[in-house]
Amino acid sequence: MNSSGLFKDLIRHEFRNKGSWRKQSSNRLPRSWRLVYFSFFLIAAFTISLYFALHNQLELTRLWYVTLGLPYMIVFMGVGTLRREWENDTYGWWLTLPYPRMWLISAKWIAAILQTIVVILILFVVGSIYALFISSIIQAYTFADAASFMIAGLNWFVMIIGFTPLVIAVGLLTASTKYSTLRPLSPILWILLMGGGSIFYWSGDQRIYEQFDRVQNGHWFPFTWHFPVAVLISWIVAYVLVRLNAYLLEKKLSL
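Residues numbered from 1 in each chain as written. Predicted model: local features only at pLDDT ≥ 70, side-chain atom pairs only at ≥ 80, totals over all residues. Heavy atoms only, no water.

Trainee: Just to check I follow, could you spell out the pattern of salt bridges for this structure?
Mentor: Close approach of charged atoms allows side chains with opposite charge to pair. With the rule as written, the count across this model stands at 5 salt bridges. Across the pair Glu 14 and Lys 108 runs a salt bridge whose closest N-O atoms are separated by 3.0 Å. On the criterion of sequence distance, the pair formed by Glu 14 in helix H1 (residues 3–16) and Lys 108 in helix H6 (residues 101–137) is long-range, its members being 94 residues apart. Neither Glu 14 nor Lys 108 differs from the other in exposure class; each is buried. (Salt bridge = Lys/Arg side-chain N within 4 Å of Asp/Glu carboxyl O. Helix = DSSP H or I, 4+ residues; strand = E, 2+ residues; numbered from the N terminus. Buried < 20%, exposed > 50% of the residue type's maximum accessible area, 1.4 Å probe, protein only.)

If you want it as structure tokens, here you go:
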């Protein structure tokens, strides 16, 4: 088998990984009850939003605000994809695989990006179906409203996907420093990561919220040339961080 095929196998393995079995086994809440609670949450959210829609008080486009926490979730996906090797005590087996450390960490990086895209696609499809449902049964809402809703979601998710490689890479770096001789930097990275994200959301850049207002007027991809340039730069930085992760696992590992 050629090297590209082996690397694809690594990515496939990481993509299918179900997480930390230790955490799953220590969770006292049965899976059936977790499904019950999740179903209850979905039913409650559907009922509340439908109530406001029936009273013509629901602005469809702003429903995407519930996904504003998604970038934070992506950070933890990046952290978790590496940390689970230590939580499952499989780090020794993983690190001794006959592949370069760059391959090992890159496979986790790419797999986490693909998992993020799958989650985003599911959210977009479910949200779009819901918007079409509302517009088809409630007279106050039209299919044009549903279209604006989908455009808003598309633009928002394009933003998230564009910067996902960087966010995943930062999450991996935050985890890898904990298992290297740079362990003292790990708490600082967490503070910078969480604090910087909060500043970005709440005071650093109102453009995120402005996108939702602009798409309500039918704007497709309402971004200036700064956006693709910023995304390209973030990809370059992400690649550098992935190589830094590989270096830490190769030269600075602390077991």
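Next comes the rest of the account.
Trainee: Would you take a moment to explain the packing of aromatic side chains for this structure?
Mentor: What describes a pair of aromatic rings is the distance from one ring centre to the other and the angle between the planes of the rings. Taken as a whole and assessed by the stated rule, the structure comprises 12 aromatic pairs. For the pair Phe 46 and Phe 133, a centre-to-centre distance of 5.9 Å together with 40° between the ring planes defines the contact as tilted. Placement of the pair is Phe 46 in helix H3 (residues 31–54) and Phe 133 in helix H6, with a sequence separation of 87 residues. Classification of Phe 46 by relative accessible area gives partly exposed; the value is 33%. When the centroid spacing of 6.5 Å and the interplanar angle of 80° are considered together, the rings of Phe 124 and Phe 157 count as edge-to-face. Of this pair, Phe 124 sits in helix H6 while Phe 157 sits in helix H7 (residues 143–178), and the two are 33 residues apart along the sequence. We classify Phe 157 as buried; its relative accessible area is 4%. An aromatic cluster is present here, built from Trp 64, Phe 124, Phe 149 and Phe 157 joined pairwise through their rings. (Phe/Tyr/Trp six-rings, centres within 6.5 Å; stacked < 30°, edge-to-face > 60°.)

Trainee: I'm lost on helix H4 (residues 70–87) in this one. Help?
Mentor: Helical geometry: 3.6 residues make up each α-helical turn, so side chains three or four residues apart lie on a common side. Here H4 contains 18 residues, and its C-alpha end-to-end distance of 24 Å stays within 8% of the 26 Å for a straight helix at 1.5 Å per residue. By the largest-angle criterion, Thr 81 marks the main kink of H4, which is about 35°. Buried within H4 we find Leu 70, Pro 71, Ile 74, Val 75, Met 77, Gly 78, Val 79, Thr 81, Leu 82, Arg 84, Glu 85 and Trp 86. (Expected span 1.5 Å × (residues − 1). Bend = angle between axes of the 7 residues up to and from the residue.)

Trainee: Would you mind going over the packing of H7 against helix H10 (residues 226–251) with me for this structure?
Mentor: Each packed pair of helices is defined by two parameters, the angle between the axes and the distance between the axes. With their axes 9 Å apart at the nearest point, H7 and H10 run at an angle of 20° to one another. The angle between the axes of H7 and H10 places the two elements in the roughly parallel class. Here H7 runs over H10; the crossing is left-handed. Residues Val 158, Met 159, Gly 162, Phe 163, Pro 165, Leu 166, Ala 169, Val 170, Leu 172, Leu 173, Ser 176 and Thr 177 of H7 form the contact with H10, whose participating residues are Phe 227, Ala 230, Val 231, Ser 234, Trp 235, Val 237, Ala 238, Leu 241, Val 242, Leu 244, Asn 245 and Leu 248. When the residues that make up the contact of H7 with H10 are grouped by side-chain class, the tally is 19 nonpolar, 5 polar and no charged. (Axes fitted to C-alpha atoms, helices over the stretch in contact; angles between N-to-C directions. Parallel < 35°, antiparallel > 145°, perpendicular 65-115°, else oblique. Left-handed = near helix turned anticlockwise from the far one by under 90°. Contact = heavy atoms within 4.5 Å. Nonpolar A, V, L, I, M, F, W, Y, C, P; charged D, E, K, R; others polar.)

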